[in-house]
Amino acid sequence: MTIFSEAVLLDLLSVAILLLTFACLGSKLFDRYVAYYALQSIVLSAAIALVAYYLGAWDLWALAVITFLVKGVGIPVAIRRYLIIRLELKRDVAISTGISTSLIIGALLTAFAYFAVSPSSLPDGLIATSSVSLSTAIILLGGLCMVVRRNTVAQLIGWLILENGVFLGAIALVATFPFIVEAGIFLDLVAGVLIMLTFVSGLAHRLATTNASELRELRE
Amino acid sequence: MTLMLVILVCCLPLAGVIAASAGMRAKGIGVASAAGGTGAFAAACALAVRVLADGSYAAGGGTVYIDPLSAFFVVTVSAVVALAGIGSISYLCVEEERHALSRLQLRLYGISFGFFASLMLASLETGNLGLLWVLIEASTLASAVLVALEGRATSLEAAWKYIIISSFGVTIALVGTLFLYYSANELRLSPDQRLIWPALFGNAGALEAASLKLAFLLAVVGYGTKVGLAPMHTWLPDAHAEAPSPASAMLSAALLNTGMYAIIRFKALTNAQLGSYGNGILLVFGFASIAIGALFMVRRRNFKRLFAYSSVEHMGIIAVALGFGGVLGIYGALLHTINHAIGKCMLFLTSGEVMLRYRTTIVNDIGGVMGPAPVVGTALLLGSIAILGSPPFGLFLSEFTIVRAGFTGHAGLTFLLLALLVVAFVAFAYTTASMALGKEHGELLLPSAPLRFIGGLPLVVGLLALLLLGLWIPSGVNTLILRSIGAIT
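Turning to the overall build of chain B, a few remarks are in order. A tally of helices and strands in chain B yields 19 helices and two strands. When the backbone C-alpha atoms are referred to their principal axes, chain B occupies close to 65 × 55 × 40 Å. Every one of the 489 residues in chain B was classed for burial, and the buried ones make up 63%.

Take the overall build of chain A next. Looking only at helices and strands, one finds seven helices and zero strands in chain A. Going residue by residue from the N terminus, the α and β elements of chain A occur as α-α-α-α-α-α-α. Look at the contacts in chain A between residues 6 or more apart in sequence, and 74% of them connect residues 24 or more apart.

In terms of nonpolar packing, the biggest core is built from 265 residues, with B:Val9, B:Leu47, B:Val80, B:Met250 and B:Cys345 touching the most fellow members. Beyond its immediate sequence surroundings of up to four residues, B:Met250 is in contact with B:Val80, B:Val81, B:Ala84, B:Phe116, B:Ala117 and B:Leu255.

What follows is about helix α15 (residues 374-387) of chain B. All names here are of chain B. Between the first and last C-alpha of α15 there are 19 Å, a value that for 14 residues agrees with the 20 Å anticipated at 1.5 Å per step. Three or more residues of α15 are buried, namely Val376, Gly377, Ala379, Leu380, Gly383, Ser384, Ile385, Ala386 and Ile387. Of the surrounding secondary structure, the elements contacted by the buried residues of α15 are α13 (303-324), α14 (326-358), α16 (394-407), α17 (411-436) and α18 (449-471). Of the residues flanking the end of α15, it is Gly389, one or two places downstream, whose phi is positive at about 85°.

What follows is about the packing of helix α7 (residues 153-183) of chain B against helix α10 (residues 235-242) of chain B. All names here are of chain B. At a minimum axis distance of 9 Å, the contact between α7 and α10 shows a crossing angle of 140°. Judged on the interaxial angle alone, α10 and α7 are oblique. Considering the relative orientation of α7 and α10, their crossing is left-handed. In this structure, α7 uses Thr154, Ser155, Ala158, Lys161, Tyr162, Ile165 and Ser166 to contact α10, whose residues at the interface are Trp235, Asp238, Ala239 and Glu242. Looking at the contact of α7 with α10, its residues break down into five nonpolar, three polar and three charged.

The subject of this paragraph is the interface of chain B and chain A. Contact residues are listed per partner, giving 31 residues for chain B and 32 residues for chain A. Every element with two or more residues in the side of chain B that touches chain A is listed here: α6 (129-148) and α7 of chain B. At 17 residues, α7(B) tops the list of elements feeding residues into the side of chain B that touches chain A. Along the lines of polarity and charge, the residues of the side of chain B that touches chain A split into 22 nonpolar, four polar and five charged.

This paragraph deals with unusual backbone geometry. Residues and elements named next belong to chain B. Residue Pro231 follows Ala230 across a cis peptide bond; omega there is 5°. Here Pro231 lies in the loop between α9 (209-227) and α10. The step from Pro391 to Pro392 runs through a cis peptide bond, and the omega angle for that step is 5°. Tracing the sequence through the fold places Pro392 in the loop between α15 and α16. Of note, the phi angle at His99 is positive, near 60°, even though the residue is not glycine. Relative to the helices and strands, His99 resides in the loop between α4 (68-97) and α5 (103-124). A positive phi angle, close to 50°, is found at Arg299, a residue other than glycine. Note on placement: Arg299 falls in the loop between α12 (277-297) and α13. With 10 C-beta atoms packed within 10 Å, Arg299 lands in the exposed category.

Next up on the list: helix α2 (residues 30-55) of chain A. Between its first and last C-alpha atoms α2(A) spans 38 Å; for 26 residues at 1.5 Å apiece the expected length is 38 Å, and the two agree. Once α2(A) finishes, A:Gly56 follows within two positions and takes phi at roughly 60°, a positive value.

It is worth spelling out the confidence of the model for chain A at this point. In the predicted model, chain A carries a mean pLDDT of 82, and the fraction of residues at 70 or more is 85%. Averaged over each element, pLDDT in chain A is lowest for helix α7 (residues 179-207) of chain A (75) and highest for α2(A) (91).

Mapped onto the fold, B:Glu137 is located in helix α6. A C-alpha to C-alpha distance of 9.9 Å links B:Glu137 and B:Leu174, two positions 37 residues apart in sequence.

Now for the confidence of the model for chain B. When the pLDDT values of chain B are averaged, the result is 91; 100% of them are 70 or greater. Among the prediction metrics, the complex's ipTM stands at 0.87, with pTM recorded as 0.92.

Another aspect to go through is the packing of α9(B) against helix α11 (residues 245-274) of chain B. Residue and element names in this part refer to chain B. One can describe the packing of α9 onto α11 by two numbers: an axis separation of 9 Å at closest approach and a directional angle of 165°. Considered as vectors, α9 and α11 are oriented roughly antiparallel to each other. The handedness of the crossing between α9 and α11 is left-handed. For the pair formed by α9 and α11, the contact residues are Ala209, Leu212, Lys213, Ala215, Phe216, Ala219, Val220, Tyr223, Gly224, Lys226 and Val227 on the first element and Leu255, Leu256, Gly259, Met260, Ala262, Ile263, Phe266, Lys267, Leu269, Thr270, Gln273 and Leu274 on the second. Looking at side-chain class alone, the contact of α9 with α11 contains 16 nonpolar, four polar and three charged residues.

As a further point, take the environment of B:Val461. For B:Val461, the position within the fold is in helix α18. Along the backbone, B:Val461 and B:Leu83 are 378 residues apart, and their C-alpha atoms lie at a distance of 8.4 Å.

Reading the values: rules and limits
Residues numbered from 1 in each chain as written. Chains lettered and ligands numbered in written order. Predicted model: local features only at pLDDT ≥ 70, side-chain atom pairs only at ≥ 80, totals over all residues. Helix = DSSP H or I, 4+ residues; strand = E, 2+ residues; numbered from the N terminus. Buried ≥ 20, exposed ≤ 12 C-beta atoms within 10 Å, placed from the backbone. Contact = placed C-beta atoms within 7 Å. Core = buried A, V, L, I, M, F, W, Y, C linked by C-beta atoms within 7 Å. Expected span 1.5 Å × (residues − 1). Axes fitted to C-alpha atoms, helices over the stretch in contact; angles between N-to-C directions. Parallel < 35°, antiparallel > 145°, perpendicular 65-115°, else oblique. Left-handed = near helix turned anticlockwise from the far one by under 90°. Nonpolar A, V, L, I, M, F, W, Y, C, P; charged D, E, K, R; others polar. pLDDT = per-residue confidence, 0-100.

What follows is the structure in structure tokens.
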């Protein structure tokens, strides 16, 4: 095995995705959130393409292209145009936990993910063993983004990061996942984002804010 | 022929979508939804009869798969769709008359109601656990539109909470599905077969134990979010209270059951490989839900939230019954599923009729419904008695079965269950009795006579069905439940 085998490359790409998640967690500007998400999705599509090349599977090539077009370009552009520019979102002030605290929590979660799904506990035959624990960490960090941010747009991006983590886990763990199911997941994702876009802009009109912490009329 | 029925079941509810897209008014959309739902129910019954006669049906390599368990859930959910469809007629017509809903809103209602129903029924008809996930998530999206329909700030807020919490939860269920797929690594199945439930169940002994455990846990947490198991239930009261009442009926009586169906599928695989591993987990989540549901029912001011917490409680009871396990436990769980579905559907439709008359959901603003609206008042009173598990209604029988199942091995837990049921009973009955009986007060706006008739129809049908199920379990239902137990053990 050469040092630049597919497995090492896939691990490196996973690390890049994890770092971009941290970057998003450590940022306060809406522009950055979307940019990091877009970049992360593009790296994810490269990772999928790598696995597709390794396995010679046409459906994974298709998945890589769809990921690039939908997650890397379509969704970020839509969020930017319809939410960030239209609602004039700049700085995210509705963060419940300080940036440094949430970065520390994120580091702990990453360590936890590594021990919970440590590469040594996974059986042989995986393409890249570290990617599974890295994707677990990304899923947890996506959840953390949703928890510490109270702004609805930021929560939406947190969910999208979580979804990216699931996809990375899927290609690392179960690269042969049936294409029809993956296509269905994509359809749901797109429909979900569209509906959330409508809701958030609707919420903004009604409440003149997209801050979920002020969504407390339903407290009882 | 069977395939035809399968297609009819999941496509007939789309009648409402067609009517709405064709630009019909409230009456047309309502009647089309009701007809579609009733047709789907008839087709579902025919499908169940065929499955009982010919055994499980599979097509497309298991992509379409109907065994007695799916037939049972298809019948239950389509019954709810039919009742809620009929209930939609009076809701839409009255709100159109009062200009409370615009034409766009009417159209959105027809479209999302139809898609919601059809996606849920389709998810019960597939044997592919990946597609099951896709269809359940898609039905979440369709129903979120219904929650937001009335366009108040509170309903948008509830819809946002619903969609973000459910999507989060369901994504966790997707991770569970991935681990299940992974646990079938050793099975020498083709990739397309590795998510097909019957293929997995047939080889359950060879599933890899550690990842199967993880898959089950993640599925319970993920789909449990849809079921409304505590502590993942937080979206549920808001969404149920803010959605239009026929949609609340669908959420509570159909959507929650669809999530429970997914959990049952995962549990069957876990039981086959790991014995009673899954039971303890379901007991914990079940008891947490019953406790939260019962305690939050105490002195609720909003009666739709009261009904919603009662759904949390009942889903907890079903989870506990599954956790007790054994033939008796599963029998009780399935019987309770159909009873609760009919009872809660009918109660939410009743709440809709009350709201059409009083235009409020605050308990204290309503009193003596019995006087000006005897049918609605009676439905409210008897429906509450039924949902609380009193004889002679069906829920008494199913809760009794569950308690019996509990006493064979979990006596202490069963006493806890009974104590919590008493709390729920007092809290719930206190509130609804004061609404139905009590001194007459509150401003009243009666709908026209034909609408009152059509609005009362599903309430009476639901009550009669509950009474029937309490006095005598039809042999068809009994066989269907027993065969379902056979299919998953």
